[in-house]
Amino acid sequence: MAERKRRLVSDELTESALQLLALKGYDGVTIDEIVAAAGVSRRTFFRYFASKEDVVVQFLADMGSDMRTELADRPADERPSEALLHAVRIPLRACAADSERALRVVRLILRTPALHARFLERQAHWRDDLTAQLGQRLGLAPATELYPGLAAGMALTAFDAVLRRWCDSDGADDPAALLDQAFAVIVPALDGGAGR
């Protein structure tokens, strides 16, 4: 029950912030306005989020661990490109599940330097997680082998390109189809240099 209440408050703060940010822009919104719109105190806000940036970036918080889990759960004999494609599809499914909200978040992140910096920081952690998991999967030590880090980086670059194209199309393009197109470009490099 406590976890459910926590999730509701977090969702209300996030939704209030997204609505205000969409109307006034990132720099035009204060934490005081967010808490007033959500009907909570500043103290409550800081129980859930460390900063205004965190309210937006939180939408993406679990995607990295979800990708790593998916990569770990893929069949051991699957080609690296296929395993990585399935892993990177996870955050796109999350976006598709709530496409209107996801598009607002992606738009804010890509168009706001402070948020984009936080997003890139988060992607660096995702890359590290995928690198470690791919290295384990292939029996390659990321500290001495280039392939795991390069492959994880390519997969996340494809993900980033898809987000940008999806945002530029105002959600009209299908992210799953865009991801398939992006991976068609990188599959030869992923499977040709798999280090097996």
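Above: the structure in question.
Residues numbered from 1 in each chain as written. Predicted model: local features only at pLDDT ≥ 70, side-chain atom pairs only at ≥ 80, totals over all residues. Heavy atoms only, no water.

Chemist: For this particular structure, what's the right way to read the overall build of the chain?
Modeler: Of regular secondary structure, the chain possesses ten helices and zero strands. Secondary structure elements of the chain occur, N-terminal to C-terminal, as α-α-α-α-α-α-α-α-α-α. Projected onto the principal axes, the alpha-carbon positions of the chain cover approximately 55 × 35 × 30 Å. Evaluated residue by residue, the chain yields a buried proportion of 47% over its 196 residues. Within the chain, counting contacts between residues at least 6 apart in sequence, those at least 24 apart form 68% of the total. Taken as two groups, the 25 positive and 29 negative side-chain charges of the chain have centres that lie 4 Å from each other. (Helix = DSSP H or I, 4+ residues; strand = E, 2+ residues; numbered from the N terminus. Buried < 20%, exposed > 50% of the residue type's maximum accessible area, 1.4 Å probe, protein only. Contact = heavy atoms within 4.5 Å. Lys, Arg positive; Asp, Glu negative; His and termini not counted. Charge placed at Lys NZ, Arg CZ, Asp CG, Glu CD.)

Chemist: I'm lost on the packing of aromatic side chains in this one. Help?
Modeler: The geometry of an aromatic ring pair is captured by the separation of the ring centres together with the interplanar angle, meaning the angle of the planes. Here the structure, examined in full by the defined rule, presents four aromatic pairs. Ring geometry for F45 against F49: centres 5.7 Å apart, planes inclined by 45 degrees, an arrangement best described as tilted. Residue classification places F45 among the buried residues on the basis of a relative accessible area of 0%. Residue class for F49 comes out buried when judged on its relative accessible area of 3%. On the numbers, 6.0 Å between centres and 90 degrees between planes, the contact of F119 with W126 is edge-to-face. Directly above the ring of Y26 sits K52, whose terminal nitrogen or CZ lies 4.2 Å from the centroid. (Phe/Tyr/Trp six-rings, centres within 6.5 Å; stacked < 30°, edge-to-face > 60°. Lys NZ or Arg CZ within 6 Å of the ring centre and 35° of its normal.)

Chemist: Just to check I follow, could you spell out the nonpolar core for this structure?
Modeler: One broad trend across soluble globular proteins is that nonpolar side chains are buried collectively. Counting 59 residues, the largest nonpolar core has F45, M67, L84, W166 and F183 as the members making the most contacts within it. Looking at this core, the element that brings in the most residues is helix α9 (residues 147-168), giving eleven residues. Every residue in contact with M67, bar those within four places of it in the chain, is listed here: A87, V88, I90, P91, W126, L130 and L156. (Core = buried A, V, L, I, M, F, W, Y, C linked by side-chain atoms within 4.5 Å.)

Chemist: Just checking my understanding: could you explain α9 for this structure?
Modeler: The α-helix winds at 3.6 residues per turn, so residues separated by three or four positions along the chain end up facing the same way. Taking 1.5 Å as the rise per residue, α9 with 22 residues should run 32 Å; its terminal C-alpha atoms sit 31 Å apart, in good agreement. Backbone geometry just downstream of α9 places D170 in the positive-phi region, at approximately 55 degrees. (Expected span 1.5 Å × (residues − 1).)

Chemist: Just checking my understanding: could you explain helix α8 (residues 113-138) for this structure?
Modeler: Over its 26 residues, α8 runs 36 Å from end to end, which matches the ideal 38 Å to within 8%, given 1.5 Å per residue. Of all the positions in α8, only L115, H116, F119, Q123, W126, L130, T131, Q133, L134, G135, R137 and L138 are classed as buried. Buried-residue contacts for α8 involve α4 (52-57), α5 (63-73), α6 (80-97), α7 (99-111) and α9. Among the residues trailing α8, G139 stands out with phi positive, at a value near 70 degrees.

Chemist: How should I be thinking about the pattern of salt bridges in this particular structure?
Modeler: Where charged atoms from two side chains of opposite charge come close, those side chains can pair. Applying the stated rule across the entire model yields 13 salt bridges. With its nearest N and O atoms 3.7 Å apart, the salt bridge here joins R68 to D129. Taken as a pair, R68 in helix α5 and D129 in helix α8 lie far apart in primary sequence, 61 residues in all. (Salt bridge = Lys/Arg side-chain N within 4 Å of Asp/Glu carboxyl O.)

Chemist: Sorry, what's going on with the side chain of R74 here?
Modeler: Structurally, R74 is set in the loop between α5 and α6. Its relative accessible area of 19% is what places R74 among the buried residues. A distance of 3.1 Å separates polar atoms of two side chains, one belonging to R74 and the other to E70. Within the local environment of R74, its side chain forms a polar contact with the side chain of E78, the two groups lying 2.8 Å apart. With residues up to four places along the chain from it excluded, the contact list for R74 reads A83, H86 and R137. (Polar contact = N/O pair within 3.5 Å; in protein donor to acceptor, adjacent residues only side chain to side chain.)

Chemist: Sorry if this is basic, but what is going on with the packing of α7 against α9 here?
Modeler: Two measures define how a pair of helices packs: the angle their axes make with one another and the distance between the axes. Between α7 and α9, the shortest axis-to-axis distance is 10 Å and the interhelical angle comes to 105 degrees. Classified by the angle their axes make, α7 and α9 are roughly perpendicular. Packed against α7, whose contacting residues are S99, A102, L103, V106, R107, L110 and R111, the element α9 presents L163, R164, W166 and C167 at the interface. Taken together, the residues of the contact of α7 with α9 break down into seven nonpolar, one polar and three charged. (Axes fitted to C-alpha atoms, helices over the stretch in contact; angles between N-to-C directions. Parallel < 35°, antiparallel > 145°, perpendicular 65-115°, else oblique. Nonpolar A, V, L, I, M, F, W, Y, C, P; charged D, E, K, R; others polar.)

Such coordinate-based values are descriptive only and should not be taken to indicate function.
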